Amino acid sequence: MRKLLMVMVVALMAAIGFAAPAQAAPVSMPYGFAYGNSTATGTINFSDGYTASVSGVVHAASGRRQVCATGFNGDVVSDPPVLCSPWAYAGGQNPSWGGPLQIARPGGVLEVYILMYDENDTRLAGVVCTRRGCSRLQI
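Visitor: Sorry, what's going on with the state of the cysteines here?
Guide: Covalent bonding between the sulfur atoms of two cysteines is what defines a disulfide. With the rule as written, the count across this model stands at two disulfides. Cys68 shares a disulfide with Cys84; S-S distance 2.0 Å. Its S-S torsion of about 110° marks the bond between Cys68 and Cys84 as right-handed, since a negative value means left-handed. Placement of Cys68 in strand β4 (residues 64-73) and of Cys84 in strand β6 (residues 83-84) is noted, with a sequence separation of 16 residues between them. Under the relative-accessibility criterion, Cys68 is labelled buried at 9%. Sulfur-sulfur distance for the disulfide between Cys129 and Cys134 comes to 2.1 Å. Every disulfide takes its handedness from the sign of the S-S torsion; for Cys129 and Cys134 that torsion is 110°, giving right-handed. The exposure class of Cys134 is partly exposed, given its relative accessible area of 30%.

Visitor: How should the side chain of Arg65 be read in this particular structure?
Guide: Within the fold, Arg65 resides in strand β4. Given a relative accessible area of 7%, Arg65 falls into the buried group. At 3.3 Å, the side chain of Arg65 forms a polar contact with the side chain of Ser38. There is a polar contact of 3.2 Å between the side chain of Arg65 and the side chain of Ser62.

Parameters at a glance
- Residues numbered from 1 in each chain as written.
- Predicted model: local features only at pLDDT ≥ 70, side-chain atom pairs only at ≥ 80, totals over all residues.
- Heavy atoms only, no water.
- Disulfide = S-S within 2.5 Å.
- Helix = DSSP H or I, 4+ residues; strand = E, 2+ residues; numbered from the N terminus.
- Buried < 20%, exposed > 50% of the residue type's maximum accessible area, 1.4 Å probe, protein only.
- Polar contact = N/O pair within 3.5 Å; in protein donor to acceptor, adjacent residues only side chain to side chain.

What follows is the structure in structure tokens.
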């Protein structure tokens, strides 16, 4: 009797959604921000697994600029911990950059922080992005 009751409870729970959580659908999230006339634009592709792939372009209006991304799931940091663009130089080409950030944890990469730095490694501007959108960081 107990076995039959347990089988019925498990079947009912699965039918109404108490089974293992489903993976989130893949989402492509555009980002863009500026520091003066220097800009960073691109896309983050959140997969249905553990990965968020970042791609973009960096433009330097003065000095040199670099953009770096880090993924988070709570207090767990992505692998690699930091993914950076090549340096963009004022008057030079606008380098493209990108790569995957992974976290082997349920939900995978939930947030991606993208920050712009100058030649002195000073943080200038940035955004934090999730599957729902991006917000400018107060730096």
